[in-house]
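Geometric and topological summary
Single-letter residue listing:
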Amino acid sequence: MFFKTAKINEFRLWGLFFMLAGMGLMIFGTAGIVFWGGLAGKIFAGTFMVLGSILLLVSCGIYFWAGMMSTSVKTIECPSCLKQTKMIGKTDRCMHCKTKMTMEESLANDFSAYEDEPAAPAASTAAVPPQA
């Protein structure tokens with residue numbers, strides 16, 4: 001996973017990104033009419049309107065896909081926050097507290113899917129001076 005969040009939330013985030021990018025391209029395209037006017041501005045605006053529309057359709061597809069996936073995944077209770085969360089695949093994170101979870105015992109301590117996180121710092125072995 002790219003972000004440290006639940007997979008279903010990550011899909012929704014990408015849908016939001018494509019929607020905002022598409023709307024931004026459409027707004028940028030209208031600048032062609034404002035600054036250049038005439039035929040050149042209309043071609044510029046039309047080009048960016050088509051590109052923005054394509055990104056909006058991609059966004060709708062991602063939202064539809066995430067919604068359909070959300071209806072068929074397992075709903076489990078998070079062991080940390082005790083809230084209901086949806087789990088996609090073998091390993092996922094809680095949608096509320098971001099706790100790593102798995103349904104398979106063989107992966108219980110092996111989260112190789114989350115290699116992007118640094119290892120926990122090692123405990124200090126320095127001796128503590130006695131207190132008086």
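It should be noted that the structure appears before, not after, this text.
Let me begin by describing the structure that accompanies this report. (Residues numbered from 1 in each chain as written. Predicted model: local features only at pLDDT ≥ 70, side-chain atom pairs only at ≥ 80, totals over all residues. Heavy atoms only, no water.)

Right, let's talk about the packing of aromatic side chains for a bit. In the structure shown here, the tally under the stated rule is eight aromatic pairs. Seen from their ring centres, Trp14 and Phe18 are 6.4 Å apart, and the 40 degrees between their planes marks the pair as tilted. Taken as a pair, Trp14 and Phe18 lie in helix H1 (residues 7–35) at a separation of four residues, close to a single helical turn. Look at Trp36 and Phe44: their rings are 4.9 Å apart centre to centre, the planes differ by 85 degrees, and that puts the pair in the edge-to-face class. According to the relative accessible area criterion, Trp36 is exposed, its value standing at 56%. The structure contains a cluster of three or more aromatic residues connected by ring pairs, namely Phe28, Trp36, Phe44 and Phe48. (Phe/Tyr/Trp six-rings, centres within 6.5 Å; stacked < 30°, edge-to-face > 60°. Helix = DSSP H or I, 4+ residues; strand = E, 2+ residues; numbered from the N terminus. Buried < 20%, exposed > 50% of the residue type's maximum accessible area, 1.4 Å probe, protein only.)

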